[in-house]
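Coordinate analysis (summary)
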Amino acid sequence: KVYNGEVRVEALSEINLHIKKGEFVFLVGHSGAGKSTLTRLMIREEVPTKGQIMVNGKSLLRMRQREIPYFRRKIGFIFQDFRLLMDRTVYENVAFAMEAIEMPIGEVRQRVPAVLEMVGLKDKMNSYPHQLSGGQQQRVCIARAIVNDPMIIIADEPTGNLDPDTSWEIMNILYAINKRGTTIVTATHDREMV
């Protein structure tokens, strides 16, 4: 992946990666190594300058624009900067992911509390993001990413803004999700966490 601006930047070069279903993979490297670029390529937020990206047997390059939202429904993405809706409760933030794909309201009402319990936030269901700690906000992001039962979860520096104890809690949640069969791809610069 090359970015051509005032200065040409080669973000990724000669990457050859195969991730099998059900694996837990770490993309490790220093800041600026291209980890976030690779995760954005994997969700078709960007396209490579050259090369090919296949996910679940489908070429992301050949994917039509109208197919992208349907493809992304199968992927949970955990952002480094949380990207929570600050004017909505924890419940509403997680429910939003289901409502966006037009899930029946009954299924939303059943699944959201179950997922919040899984990440240890059932008692914070009616709280707003500003009332939560950073670790709790990251748990909301994880709940939002898993609520639609994706085949892959991509986490971009999910512990980057958290203290060490909270980081371990977050990684243990991701590990438990992986043990249920979900493929996890985590970009991090934290070698100790790996």
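Because the structure is a prediction, the values reported are computed rather than measured.

Parameters and conventions
- Residues numbered from 1 in each chain as written.
- Predicted model: local features only at pLDDT ≥ 70, side-chain atom pairs only at ≥ 80, totals over all residues.
- Heavy atoms only, no water.
- Helix = DSSP H or I, 4+ residues; strand = E, 2+ residues; numbered from the N terminus.
- Rg over C-alpha atoms; globule rule 2.2 N^0.38 Å.
- Buried < 20%, exposed > 50% of the residue type's maximum accessible area, 1.4 Å probe, protein only.
- Contact = heavy atoms within 4.5 Å.
- Expected span 1.5 Å × (residues − 1).
- Pairing = 2+ DSSP bridges.
- Right-handed = clockwise from strand over helix to strand, strands pointing away.
- Phe/Tyr/Trp six-rings, centres within 6.5 Å; stacked < 30°, edge-to-face > 60°.

A word on the overall build of the protein
Secondary structure assignment for the protein yields 6 helices and 8 strands. Radius of gyration (C-alpha) of the protein: 17 Å, near the 16 Å computed for a compact globule of 194 residues. Reported as C-alpha extents along the three principal axes, the dimensions of the protein are approximately 50 × 40 × 35 Å. For the protein, buried positions account for 46% of its 194 residues. The contacts of the protein with a sequence gap of at least 6 include a subset with a gap of at least 24, amounting to 68%.

A closer look at the environment of H130
If you trace the backbone, H130 turns up in the loop between α4 (105–118) and α5 (134–146). Accessibility expressed as a relative area gives 57% for H130, which makes it exposed. With 16 residues separating them in the primary sequence, H130 and A114 have C-alpha atoms 22 Å apart.

Focus: α5
In this model α5 runs 19 Å from its N-terminal to its C-terminal C-alpha over 13 residues, within 8% of the 18 Å that 1.5 Å per residue would give. Where burial is concerned, most of α5 is hidden: 11 out of the 13 residues are buried. Looking only at α5, the buried set comprises G135, Q137, Q138, R139, V140, C141, I142, A143, R144, A145 and I146. Those residues of α5 hidden inside the fold are in contact with β6 (75–78), α3 (90–99), α4, β7 (152–156) and α6 (164–179).

Focus on the environment of I146
Within the secondary structure, I146 sits in helix α5. When the C-alpha positions of I146 and I170 are compared, they lie 13 Å apart, and in sequence the two are 24 residues distant. Setting aside chain neighbours within four positions, we find I146 in contact with R111, V115, M118, I153 and I177.

Quick look at the pairing of strand β8 (residues 183–188)
Counting buried residues along β8, 6 of its 6 residues qualify, which places the element largely inside the surrounding structure. Of the two faces of β8, the one lined by T183, V185 and A187 and the one lined by I184, T186 and T188 are each fully buried. Where β7 meets β8, 5 bridges bridge the pair, whose relative direction is parallel. Residue pairing in the sheet places D156 in a bridge with A187 of β8. Regarding topology, α6 serves as the crossover connection from β7 to the parallel β8, and that connection is right-handed.

A look at the packing of aromatic side chains
In the structure shown here, the tally under the stated rule is 2 aromatic pairs. Relative to F26, the ring of F24 lies with its centre 5.1 Å away and its plane at 35 degrees, an arrangement referred to as tilted. Arranged with centres 4.6 Å apart and planes meeting at 50 degrees, the rings of F77 and F79 form a pair that is tilted. With respect to class, F77 is no different from F79; both count as buried.

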